[in-house]
Amino acid sequence: MGSALLLALTAPGCPQLLDDHFQTSDGGLASPPGGLSSGSDSGGSDSGGSTGSGATAGEPAVGPGGSAGGGGSTAAGAPSDAGAPACAWGAFGEPEKITGLGFGPTASQWGPALAADGATLILSSSLPGGFDSLYQATRSDRGSVFSGAIALTSLNGSANSGTPFLGFDGTRLYFYSDRSGGVGSRDLYVATRANPLDSFESASLVPGVNSAASDHLPWVSPDELTLYFSSARAGGSGGYDLWTATRAARAGAFGSPKRISELDTASSEEGASLTPDELTLFFASDRANGAGKLDLWMSTRASKSDDFGAPVNLAGLNSAANDMNVAVSADGRELFFTSDRGAGANAPHALWRALRSCE
């Protein structure tokens, strides 16, 4: 394990996420609890998927989150850290490939997004040459395998929809789409529902942030007043760059986006995923001094008014292939990402998960 992972970040607390008796490969878990993913080719953008995105013959199992297309989620808001003991993060363990979601061997999985309570996984999947479509899977605790994925049919259609992020209270789903009526090649949309057990309603453009370029990979703060996303718009240093925008109220429009310049290079930086306090940021980049193409990186800051510090390469998680679409769980203990490692040329992208200890 690379020394970069041994930073042992001191956490203000380790909130409980479902049942804490998670299993790893050392425990013989054949199908590790799931992850998500959002596609990216060597340049860092998602590849598309097909509407019906490669689930194997026979309907995938319908999990406790609801029937196909229901979009029901067990998420009930961010886990509380009240009274949680202080701890220091250990290193992330060896990544494990997530299986059991019910997709065929040629389908790729992208853009992981885990509900704040860790029970529901939203992801996108695609077949070669098809559309990227949204799915969800559920689990009962961290040591359990996710159910077969079910399509969010109220949001999918004859266009790409992917790189999702589920708001912390479970009632808003942010994602990209290139459907008609947008501003650019990819735009950020949000779909709402009255409570986490309902289906998502039709989506609308996220106000104030879209451009004529590609905008995707959203992450939204627990109060939904701050948005982080990736964009190829003018004003960056090259490729995709990380941007952020704020608003005064959840129902309002975001103000003009600002580039996170301290993390920017002439290479691509994309897919910011943060801890709920917004002090630790994970992202993917194909910058120099990585292990391969896109690598996973981490940066921290002392407060939200400070700049992020110099990024650290998460060497123990990266490969010579593309490693991207990173998503950290609300309690910081699970890291999900997408990779096309280990399967030859033109391999589909799969979801992976790594765990770290809280001691």
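The structure displayed is predicted, hence computed values, not measured ones. (Residues numbered from 1 in each chain as written. Predicted model: local features only at pLDDT ≥ 70, side-chain atom pairs only at ≥ 80, totals over all residues. Heavy atoms only, no water.)

Overview of the side chain of Thr-226
Among the structural elements, Thr-226 can be located in strand β13 (residues 226-231). Those residues within four positions of Thr-226 in sequence are excluded, and the remaining contacts are Trp-219, Val-220, Ser-221, Thr-244, Ala-245, Thr-246, Phe-254 and Glu-278. (Helix = DSSP H or I, 4+ residues; strand = E, 2+ residues; numbered from the N terminus. Contact = heavy atoms within 4.5 Å.)

Looking at the nonpolar core
Residues Val-206, Val-209, Leu-227 and Leu-281 are the most contacted members of the largest nonpolar core, which totals 26 residues. Of all the secondary-structure elements, those providing two or more residues to this core are β10 (187-192), β12 (215-220), β13, β14 (241-246), β16 (269-274) and β17 (280-285). Once you skip the residues sitting within four places of it in the chain, Leu-227 turns out to touch Leu-188, Val-206, Val-209, Pro-218, Trp-219, Val-220, Trp-243, Thr-244, Ala-245 and Phe-254. The next biggest cluster of nonpolar side chains, apart from the first, holds 15 residues, and it includes Tyr-135, Phe-146, Phe-336 and Leu-351. (Core = buried A, V, L, I, M, F, W, Y, C linked by side-chain atoms within 4.5 Å. Buried < 20%, exposed > 50% of the residue type's maximum accessible area, 1.4 Å probe, protein only.)

Notes on the sheet that holds strand β19 (residues 312-313)
Reading across the sheet, the 4 strands line up as β16-β17-β18-β19 and stay open at both edges, with antiparallel pairing between neighbours. In the strand order of this sheet, the two ends are held by β16 and β19, each with one partner. (Pairing = 2+ DSSP bridges.)

Concerning the sheet that holds strand β5 (residues 120-126)
Taken in spatial order, the 4 strands of this open sheet run β4-β5-β6-β7, and their pairing is antiparallel. Both outer strands of the open sheet, β4 (108-114) and β7 (150-151), are each paired with one neighbouring strand and no more. With 2 bridges connecting them, strand β6 (residues 133-138) and β7 associate as antiparallel partners. Looking at the pairing, Tyr-135 lines up with Ala-151 of β7.

Details of the environment of Ser-267
Its location among the elements puts Ser-267 in the loop between β15 (258-259) and β16. Remark: the alpha-carbon pair of Ser-267 and Asp-286, spanning 19 residues in sequence, is separated by 6.0 Å. With near-sequence residues (within four places) excluded, Ser-267 lies in contact with Gly-238, Tyr-240, Asp-241, Ser-285, Asp-286 and Arg-287.

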